[in-house]
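Here is how the chains run, residue by residue.
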Amino acid sequence: MPAMHYRLRWPDASESLAYSPSLVIEEFFTPGQDYPLADFLRRVREATAIASARVEARYGFACSRAHDQLADTEARAAPFADQPDARVRVLAFTPA
């Protein structure tokens, strides 16, 4: 199953590299586009659930790395939750 990394720029201009066990992430985000924080989190949660389900269907178990990545993403987003204009930019996708 092809995996994907995606680079993010957070509201404080820091960057991080995230992981998806499936290319489905490309269906939820466009490189170079900014997403309001709440919308970004909704999309990444949905994409992660789909990706993990695909792993489970193929291998018989959910993808713990995807769930760990989601927890990390949510932790990175938490400091910006009280900023009404907080946006996350998806910078690029790269093969894992």
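You'll find the structure just up there.
Before going into details, it helps to say that this report is about the structure given with it.

The rules behind the values
- Residues numbered from 1 in each chain as written.
- Predicted model: local features only at pLDDT ≥ 70, side-chain atom pairs only at ≥ 80, totals over all residues.
- Heavy atoms only, no water.
- Pairing = 2+ DSSP bridges.
- Helix = DSSP H or I, 4+ residues; strand = E, 2+ residues; numbered from the N terminus.
- Axes fitted to C-alpha atoms, helices over the stretch in contact; angles between N-to-C directions.
- Contact = heavy atoms within 4.5 Å.
- Phe/Tyr/Trp six-rings, centres within 6.5 Å; stacked < 30°, edge-to-face > 60°.
- Buried < 20%, exposed > 50% of the residue type's maximum accessible area, 1.4 Å probe, protein only.
- Lys NZ or Arg CZ within 6 Å of the ring centre and 35° of its normal.

1. Some remarks on the sheet that holds strand 1 (residues 4-9)
So, step 1. Read from one edge of the open sheet, four strands run 2-1-4-3, paired in antiparallel fashion. Sheet topology places strand 2 (15-20) and strand 3 (33-36) at the edges, where each strand pairs with a single neighbour. On average, adjacent strands in this sheet sit at an angle of 35° to one another, irrespective of strand direction.
So, step 2. Direction of pairing for strand 1 relative to strand 2: antiparallel, over a ladder of six bridges. Looking across to strand 2, one finds that Tyr6 is bridged to Ala18.
So, step 3. Seen against the sheet, helix 1 (residues 37-59) touches strand 1, strand 2, strand 3 and strand 4 (87-95) and runs at an angle of roughly 100° to strand 3.

2. Digging into the packing of aromatic side chains
So, step 1. Under the criterion given, the structure shown has five aromatic pairs.
So, step 2. Taking the centre distance of 5.1 Å and the plane angle of 85° together, the rings of Phe29 and Tyr35 count as edge-to-face.
So, step 3. The buried category is assigned to Tyr35, whose relative accessible area is 2%.
So, step 4. Summarising the aromatic geometry, the rings of Phe29 and Phe40 are spaced 5.3 Å apart at their centres and angled 40° between planes, so their arrangement reads as tilted. With Phe29 in the loop between strand 2 and strand 3 and Phe40 in helix 1, this residue pair connects regions lying 11 residues apart in the sequence.
So, step 5. It is Arg65 that lies over the ring of Tyr19; its NZ or CZ is 3.7 Å from the centre.

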